Amino acid sequence: MAPRIAVVPAPHGPGGRLQPLGEDGVPLGPPEQVADLAAAMAQREAAGRPRWVWAAADSAYAPLLPLRVARCHDLRLVEALLLGHEGAWGEPRSLGAAWARLRGLPVPADLPETGGAGGEEQDSLFAPDRLQLPPGTDQLTAVVAVHAEQLRRIALVEQPGLFRLLVAAESAGALLATEITYDGLPWRTDRHDRLLTDLLGPRPHIPGTQPKLLAELSVELQQALGSRPFNPDSHAQVLKAFADQGIRLSSTRVWELREIDHPAARLMIRYKELSRIHAAHGWAWQDAWARGGRFRPEYVVGGVVSGRWASRGGGALQIPRILRGAVVADPGWALVVADAAQLEPRVLAALSGDAGLARSAAEGDLYDALAASAFQGDRDKAKLGLLGAMYGQTSGDIGPLLATLRRKYPTAMGYVEAAARTGEEGGIVRSRLGRTCPPPSADWLDLTEAPETAGEAGGRSARARGRFTRNFVIQASGADWALALLASLRRRLTALSTGPDRPHLVFFQHDEVMVHTPVNLADQVVEAVAEAGEEARRLVFGDTPVRFPLSTAVVDCYADAK
DNA sequence: CGGGTTCGCGCC
DNA sequence: AAAGGGCGCGAACCCG
């Protein structure tokens, strides 16, 4: 049984080609043509769980679902990780681009990503020409060659062992993202409707017209300001309407409105809350994204430079709390919702090796422990100070808090400050597993000049880049941990059951996961989550006293999880 | 008219 | 001086 198998789907129809590879990427035999690719892969999967090597999950895996495979090597994602590590950020990462670099051919630019709005025109997404291979190039040949080259390059990075883990975890993320979109998040449109109706009034019969309560609020607002009708969605008109009452606003932000003691300010805030729900997650959203009892957004693995996932369409990573009542398990099923408690400060403790901070992160609530040992028990101060340190905050009253942290946790504070300094000086930083931040770009102006001569703008942009690299090491290492958690949890869920009623992940948001599971397996899923968290800690951070506890709830409805 | 930008909010 | 990092998205607005 080959440990790795290169796979290329046929451009049309269910067939494809396979070629067995050794651990070094060298072919163990000739290519094989199969008439039913999904069946052939399922058979080999059962025989020994190979690592499938393909150009990209959306072209090679998505069309084969509901097939499930355990492992893959996603050439496009790995190419991006390698290019970043090699200082070639922004170079095209398609199979065709990697092939062209390998062969000294002109490198094709990456095609713009196209959103999968609702699912039409998906065929063009899977077409081989999206891989950007030169005409006449054999795709399997390119897959095999680019893979072997990637294995060679991986061996050359600073810490190949950790980077291999990153490669495996990122690739597992690609499997999972494809599967989550396929399975969908359970979404009860009847509950969604009720929530909307309670807030906004009944669904308007004519699409595009304002719901009743929103329209009434708009009129009340105009009356409170004694003004002519104006559009509350227009910043300029709102500012003018308030100005006519002698209320000068520099913006229409909620925090600024909150400081105004006037009935119109309260109405304006309420209008903003409701109109946002209507615009972002109202009936139009439901029609586009949550049909058939499932919400199926498209996730973009590695879509954030820090390694966090991004999403395309439907605002998958911004489901407002108020709508979580619409996420309900199917009858006989449950939702297991788990989120990592205080992930980023724990990451800082583990990364920096600060003994004092690690003690606070060894068990229980990190901020409580921090408060007890450095802030006279004031948890708010402890939290504010530590978050400020990780984000590079300088404003407000947190100066004294930072000073306290610097005194009590010099190693941890030194770690983030060194990362900030590196960024300010134009350098690059990496996550624990080796994900690399982008180099300074035009966004940060010219950082090659000495700070004294770069002028005010140069100094400001250098500090902005410092805040970015300061936060990058933590956010990206947190993403490392979360990806390892996902990969481990996915494997453990597969071990619980592979039948049609298997537990499956339905949501992932930075430090939170949700599993939809038959009720009778819920306890085992809870256990699997805890084990996955511990495995991720061990793999990513090794020997550290820091713990990464997950708070887990078994619920019928997402709204009941916290 | 379509495309790009700004604002301001949702999530972590 | 309401100068903390990362995102996606919709409406208004601006421009050609």
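So, how was this worked out
- Residues numbered from 1 in each chain as written.
- Chains lettered and ligands numbered in written order.
- Predicted model: local features only at pLDDT ≥ 70, side-chain atom pairs only at ≥ 80, totals over all residues.
- Heavy atoms only, no water.
- Axes fitted to C-alpha atoms, helices over the stretch in contact; angles between N-to-C directions.
- Helix = DSSP H or I, 4+ residues; strand = E, 2+ residues; numbered from the N terminus.
- Left-handed = near helix turned anticlockwise from the far one by under 90°.
- Contact = heavy atoms within 4.5 Å.
- Nonpolar A, V, L, I, M, F, W, Y, C, P; charged D, E, K, R; others polar.
- Core = buried A, V, L, I, M, F, W, Y, C linked by side-chain atoms within 4.5 Å.
- Buried < 20%, exposed > 50% of the residue type's maximum accessible area, 1.4 Å probe, protein only.
- Domains from an automatic or database assignment.
- Buried area = accessible area lost by both parts, 1.4 Å probe.
- Salt bridge = Lys/Arg side-chain N within 4 Å of Asp/Glu carboxyl O.
- Polar contact = N/O pair within 3.5 Å; in protein donor to acceptor, adjacent residues only side chain to side chain.
- Near = heavy atom within 4 Å.

(A) Geometry of the packing of helix α3 (residues 75-85) against helix α6 (residues 139-154). Running from N to C, α3 and α6 cross one another at 35°; their axes reach a closest spacing of 11 Å. As α3 runs across α6, the sense of the crossing is left-handed. Contacts from L75, V78, E79, L82 and L83 of α3 reach α6 at V143, V146, H147, Q150, R153 and I154. Looking at the contact of α3 with α6 residue by residue, the classes come out as seven nonpolar, two polar and two charged.

(B) Up close: the nonpolar core. The biggest cluster of nonpolar side chains holds 123 residues, and the ones touching the most others in it are M41, W54, W187, W309 and W481. Considering every element that reaches this core, the biggest residue donor is helix α20 (residues 451-496), with twelve residues. Those residues in contact with W54 that sit more than four places away from it in its chain are V7, M41, A60, Y61, V69, C72, H73, D74, L75 and L175.

(C) How the structure looks around the domain arrangement of chain A. Domain assignment breaks chain A into domain 1 (4-156), domain 2 (189-287), domain 3 (295-343 + 479-560) and domain 4 (345-471). The interface of domain 1 with domain 4 comprises four residues on the first partner and seven residues on the second. Across the domain 1 to domain 4 interface the summed buried area is about 450 Å²; carbon plus sulfur atoms make up 63%. At the boundary of domain 1 and domain 4, one finds zero salt bridges. Run the count over domain 1 and domain 4 and you get three residue pairs in polar contact (both at pLDDT 80 or more).

(D) Focus on unusual backbone geometry. Along the chain, L65 connects to P66 via a cis peptide bond; the corresponding omega equals 20°. With respect to the element layout, P66 can be found in the loop between α2 (57-60) and β5 (71-74). In the Ramachandran plot, Q342 falls in the positive-phi region, its phi being about 50° despite a non-glycine side chain. Mapping Q342 onto the fold places it in the loop between β10 (333-340) and α14 (343-352).

(E) Quick peek at the protein's contact with DNA strand B. Close to DNA strand B lie 17 residues, the nearest being V254, R276, R308, Q318 and D511. What you see for DNA strand B is that sugar and phosphate hold 80% of its atoms within 4 Å of the protein. Backbone polar atom of T252 to a phosphate oxygen of DNA strand B: 2.9 Å apart, as the coordinates give it. In this structure, V254 approaches DNA strand B through a main-chain N or O atom, which is 2.7 Å from a phosphate oxygen. Its residues assigned to classes, the surface near DNA strand B shows four nonpolar, six polar and seven charged.

(F) Local environment of the protein's contact with DNA strand C. Around DNA strand C, the structure places 27 residues, and the nearest of them are N231, S234, G313, Q318 and Q393. Sugar and phosphate atoms constitute 68% of the interface atoms of DNA strand C, taking the interface as everything within 4 Å of the protein. For DNA strand C, a base nitrogen lies 3.3 Å from a polar atom in the side chain of E259. T394 has a polar backbone atom sitting 3.1 Å from a phosphate oxygen of DNA strand C. Elements with a minimum of two residues in the surface near DNA strand C: α12 (263-281), β9 (310-312), α17 (379-391) and α20. Across the surface near DNA strand C, the residue classes break down as seven nonpolar, 14 polar and six charged.

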